[in-house]
Amino acid sequence: KSPAMLGHISTVINDETKRLRFQVEKVLQMSMFDRQKATLRLQNVDANQIIAGITSTFKLKVEKYGGHIETFLGAKESTVNVDEMHFTNVIFNLLDNAVKYSPGGTKIMIRVNILVSYVFIEVEDEGIGIPKSEYADIFKRFYRGRGAAVLWEEGAGVGLYLVRKILEEQGGSVRAIKAPGGGTIMQMMLPKKYEV
């Protein structure tokens, strides 16, 4: 109803249009990675900046369910050499899962720090959690955890598989651990790009 709100909603519509394109790309990516034909357009990007943009889009989605999202962008030099579209897709995927498998009124946190020569990114939720016995399996193609089946959440078991493949192709890694109060923390590492 106000120019500021219209501007914000226009931005969200634009971002969600990009996100829809990313979803279509996800299916194509899986096919390309499986055939070893994925082409990455690597460039130096600021992880803090990309994540700040993504979380502002996700803010409305999380608030719709009575929750909130917090960002802790503590890395002073968070430049990584990645394919921006694929990297954005990774973060969207993890935030999407955090919302999907969390109760209403939940808090989602995303943190960016430096760990030795890596940019260390965490997405933490207060959701249903993942049994430790499934930690290795959740990154396999078409694997759907027992919690997802219990909640009747739609999905093909492709998202986390692509997260792992995309990060590995760019010299990174991902793992899941239990959050202190329940829920899950997805931890990602990407080599830090040193400016010359």
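Up top is the structure.
Structural notes, computed from the coordinates. Worth saying up front: this structure is predicted, and the values here are computed from it rather than measured. (Residues numbered from 1 in each chain as written. Predicted model: local features only at pLDDT ≥ 70, side-chain atom pairs only at ≥ 80, totals over all residues. Heavy atoms only, no water.)

What about the packing of aromatic side chains?
So, point 1. Applying the stated criterion across every chain yields a total of 1 aromatic pair.
So, point 2. Ring centres of F58 and F92 lie 5.6 Å apart, and the angle between their planes is 40°; on these two criteria the pair is classed as tilted. Separated by 34 residues along the polypeptide, F58 in helix 2 (residues 47–64) and F92 in helix 3 (residues 84–100) bring together distant segments of the chain. Taken individually, F58 and F92 each receive the classification buried, so the pair is uniform in this respect.
So, point 3. The residue whose ring lies beneath R141 is Y161, and the NZ or CZ to ring-centre distance is 6.0 Å. (Phe/Tyr/Trp six-rings, centres within 6.5 Å; stacked < 30°, edge-to-face > 60°. Helix = DSSP H or I, 4+ residues; strand = E, 2+ residues; numbered from the N terminus. Buried < 20%, exposed > 50% of the residue type's maximum accessible area, 1.4 Å probe, protein only. Lys NZ or Arg CZ within 6 Å of the ring centre and 35° of its normal.)

As for the packing of helix 3 against helix 5 (residues 159–169)
So, point 1. One way to put it is that helix 3 packs onto helix 5 with a least axis distance of 10 Å and a crossing angle of 145°. In this structure, helix 3 crosses over helix 5, and the sense of that crossing is left-handed. Within the contact between the two elements, helix 3 uses H86, V90, N93, L94 and N97 and helix 5 uses G159, L160, V163, I166 and L167. (Axes fitted to C-alpha atoms, helices over the stretch in contact; angles between N-to-C directions. Left-handed = near helix turned anticlockwise from the far one by under 90°. Contact = heavy atoms within 4.5 Å.)

Details of the sheet that holds strand 2 (residues 68–73)
So, point 1. With mixed pairing, the 5 strands of this open sheet are ordered in space as 2-4-5-7-6. Where the open sheet ends on each side, the last strands, each with one partner, are strand 2 and strand 6 (173–178). Pairs of neighbouring strands in the sheet enclose a mean axial angle of 15°, with direction left out of account.
So, point 2. Bridge count between strand 6 and strand 7 (residues 184–191): 6 bridges; the pairing is antiparallel. Each bridged residue has a counterpart across the sheet, and for V174 the counterpart in strand 7 is M188.
So, point 3. With respect to the sheet, helix 2 is in contact with strand 2, strand 4 (107–115) and strand 5 (118–124), its orientation differing from that of strand 2 by roughly 170°. (Pairing = 2+ DSSP bridges.)

A closer look at the layout of surface pockets
So, point 1. Of the voids in this model, the second largest pocket is the one considered here, and its volume is about 270 Å³.
So, point 2. Taken together, 12 residues line the second largest pocket, and the ones lying closest to its centre are D15, K18, I54, E84 and T88.
So, point 3. Contributions of two or more residues to the lining of the second largest pocket are made by helix 1 (3–34), helix 2 and helix 3.
So, point 4. Looking at the lining of the second largest pocket residue by residue, the classes come out as 5 nonpolar, 3 polar and 4 charged. (1 Å grid on protein atoms, 1.4 Å probe; cavity = no way out; pocket = protein on both sides within 12 Å on 5 of 7 lines; lining within 4 Å. Points joined across faces, edges and corners; volume = space filled by probe spheres on them. Nonpolar A, V, L, I, M, F, W, Y, C, P; charged D, E, K, R; others polar.)

A word on unusual backbone geometry
So, point 1. In this structure, V116 takes a positive phi of about 55° despite not being glycine.
So, point 2. Locating V116 in the fold gives a position in the loop between strand 4 and strand 5.
So, point 3. Residue V116 is classed as exposed on the basis of its relative accessible area, which comes to 74%.

Quick look at the nonpolar core
So, point 1. F87, I91, I121 and M188 are the most contacted members of the largest nonpolar core, which has 40 residues in total.
So, point 2. Sorting the residues of this core by element identifies helix 2, strand 3 (79–83), helix 3, strand 4, strand 5, helix 5, strand 6 and strand 7 as the ones contributing at least two each.
So, point 3. Among the elements that take part in this core, helix 3 stands out by supplying 8 residues, more than any other.
So, point 4. The residues contacting I121, other than those within four sequence positions of it, are I51, F87, I91, I110, R111, V112, M186, Q187 and M188. (Core = buried A, V, L, I, M, F, W, Y, C linked by side-chain atoms within 4.5 Å.)

Don't take any of this as a statement about function, it's just geometry.
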